[in-house]
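Residues per chain are reported as follows:
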Amino acid sequence: MTARIIDGKAFAAGLRARVAEGAAAFAAAAGRKAGLAVVLVGDDAASAVYVRSKHKATLAAGMKSFEHRLPAATVQDALIALVRQLNADDAVDGILVQLPLPKHIDEQAVVEAIDPAKDVDGLTPISTGRLALGLDGLVPCTPLGSMMLVEDVLGDISGKDAVVIGRSILVGKPMAQLLLAKNATVTIAHSRTKDLPALVARADIVVAAVGRAGMVKPDWVKPGAVVIDVGINRTDAGLVGDVDPAVFAVAGAMTPVPGGVGPMTIACLLRNTLVAAHRRVGVPMTTPL
Ligand code: NDP
């Protein structure tokens, strides 16, 4: 068997086109464009690349982009003051503080300062709590995009066995919640899990969000399983995922790296910004996303 390649790039392009349509409709209804503010502290090279592509994608979707670049030595109070200023700014519908922050800043304190109505990264306690409660809210972009790909391939996932490897607040935990909300039977694996290969072998859906190049091996995976590779690892051979590419020979469908989950993350950020804008202004969404 050779896996169907799940083309996240193409799916994300479709989603971005729908967001652009929705953004035009929003601007007509609200009398202003939806706006996303991105805050970057310091000069981490990977973060700078992400922020630049978010900026370009926001403009391309017909939304306003507000970029705030602060020096690495920025103190926590100044960063929180900026977040509060963005909370109060009516032109800003979404706020994203690019993580990781420099070590002297308490990330949690900064995230908690974000108005949950503008929490397009879905990381505030209100957003994570609403997700756990099964209530409508803003969901972290990477798991949201991963879930869209899973459902695009499988449709109804009710009763399927899913294994999520990784339990971060950014990816693993919300991914598990999303799968559970759609009635999959979900196991969350992490660094203390015993016999990971045996767990993975049972799964109809495998989501790898670890940060270890090529960790998931072909002999772990059940033939025909759907494999979502969230990992982005920089190696001498270039960008690679958490799943060994040899798994393509076993899986039923699998995301490549790059070109799988990565493009979905930015598309979902634009989607979340548009959703937040509609909710804040109180106009109904006319474009299905
Ligand atoms: P974290 O480092 O926050 O979490 C990694 C998780 O993997 C932890 O829960 C950790 O367990 C678990 N883990 C580590 N080693 C093992 C192991 N040997 N066996 C099983 N589990 C293990 O990473 P993130 O969740 O933020 O990101 C995960 C990956 O996804 C990274 O490669 C990152 O670059 C990528 N990523 C990609 C995005 C995209 O747009 N495609 C967006 C965000 C992230 P424990 O909790 O016990 O320490």
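Up top is the structure.
Throughout what follows, the structure given in this document is the object of discussion. (Residues numbered from 1 in each chain as written. Predicted model: local features only at pLDDT ≥ 70, side-chain atom pairs only at ≥ 80, totals over all residues. Heavy atoms only, no water.)

Remarks on the overall build of the chain
Part 1 of the reasoning: Secondary structure summary: the chain contains 9 helices and 11 strands in total.
Part 2 of the reasoning: Compactness check: the chain gives a C-alpha radius of gyration of 19 Å against a globular reference of 19 Å for 289 residues, within 12% of the reference.
Part 3 of the reasoning: Overall size of the chain, expressed as C-alpha extent along the three principal axes, is 55 × 45 × 35 Å.
Part 4 of the reasoning: In the chain, which comprises 289 residues, the share counted as buried stands at 47%.
Part 5 of the reasoning: Here the analysis covers contacts within the chain between residues at least 6 apart in sequence; of these, 71% occur between residues at least 24 apart. (Helix = DSSP H or I, 4+ residues; strand = E, 2+ residues; numbered from the N terminus. Rg over C-alpha atoms; globule rule 2.2 N^0.38 Å. Buried < 20%, exposed > 50% of the residue type's maximum accessible area, 1.4 Å probe, protein only. Contact = heavy atoms within 4.5 Å.)

Examining the side chain of threonine 58
Part 1 of the reasoning: Assignment of secondary structure puts threonine 58 in helix α2 (residues 45–60).
Part 2 of the reasoning: Here the side chain of threonine 58 touches lysine 54 through a polar contact of 2.6 Å, landing on its backbone oxygen.
Part 3 of the reasoning: The residues contacting threonine 58, other than those within four sequence positions of it, are Leu36, Met63, Lys64, Ser65 and Leu270. (Polar contact = N/O pair within 3.5 Å; in protein donor to acceptor, adjacent residues only side chain to side chain.)

Points about the pairing of strand β8 (residues 226–229)
Part 1 of the reasoning: The alternating pattern of β8 places Val226 and Ile228 on one face and Val227 and Asp229 on the opposite face, and all of these are buried.
Part 2 of the reasoning: Taken together, the 4 bridges between strand β7 (residues 205–208) and β8 define a ladder with parallel strand orientation. When the sheet's bridge partners are listed, valine 206 is paired in β8 with valine 227.
Part 3 of the reasoning: As judged from the 2 bridges shared by β8 and strand β11 (residues 253–254), these two strands associate in the parallel manner. When the sheet's bridge partners are listed, valine 226 is paired in β11 with alanine 253. (Pairing = 2+ DSSP bridges.)

Things to note about the side chain of aspartate 119
Part 1 of the reasoning: Tracing the backbone shows aspartate 119 in the loop between α4 (107–113) and α5 (125–133).
Part 2 of the reasoning: No salt bridge is formed by the buried aspartate 119. Its closest oppositely charged neighbour is arginine 130, at 9.8 Å.
Part 3 of the reasoning: A distance of 2.5 Å separates the side chain of aspartate 119 from the side chain of serine 127, its partner in a polar contact.
Part 4 of the reasoning: In contact with aspartate 119, not counting residues within four places along its chain, are Ile114, Thr124, Ser127 and Leu138. (Lys, Arg positive; Asp, Glu negative; His and termini not counted. Salt bridge = Lys/Arg side-chain N within 4 Å of Asp/Glu carboxyl O.)

Quick look at empty space enclosed by the protein
Which parts of space are left empty comes out when a probe the size of a water molecule is rolled across the atoms.
Part 1 of the reasoning: By the definition in use, this model includes 1 cavity of 30 Å³ or more.
Part 2 of the reasoning: The volume enclosed by the largest cavity comes to roughly 50 Å³.
Part 3 of the reasoning: Considering the residues around the largest cavity, the lining is formed by Ile95, Leu96, Val97, Leu99, Val111, Ile114, Asp119, Asp121 and Leu123.
Part 4 of the reasoning: Broken down by element, the residue count for the lining of the largest cavity peaks at 3 residues, all from strand β4 (residues 94–97).
Part 5 of the reasoning: Classifying every residue of the lining of the largest cavity gives 7 nonpolar, no polar and 2 charged. (1 Å grid on protein atoms, 1.4 Å probe; cavity = no way out; pocket = protein on both sides within 12 Å on 5 of 7 lines; lining within 4 Å. Points joined across faces, edges and corners; volume = space filled by probe spheres on them. Nonpolar A, V, L, I, M, F, W, Y, C, P; charged D, E, K, R; others polar.)

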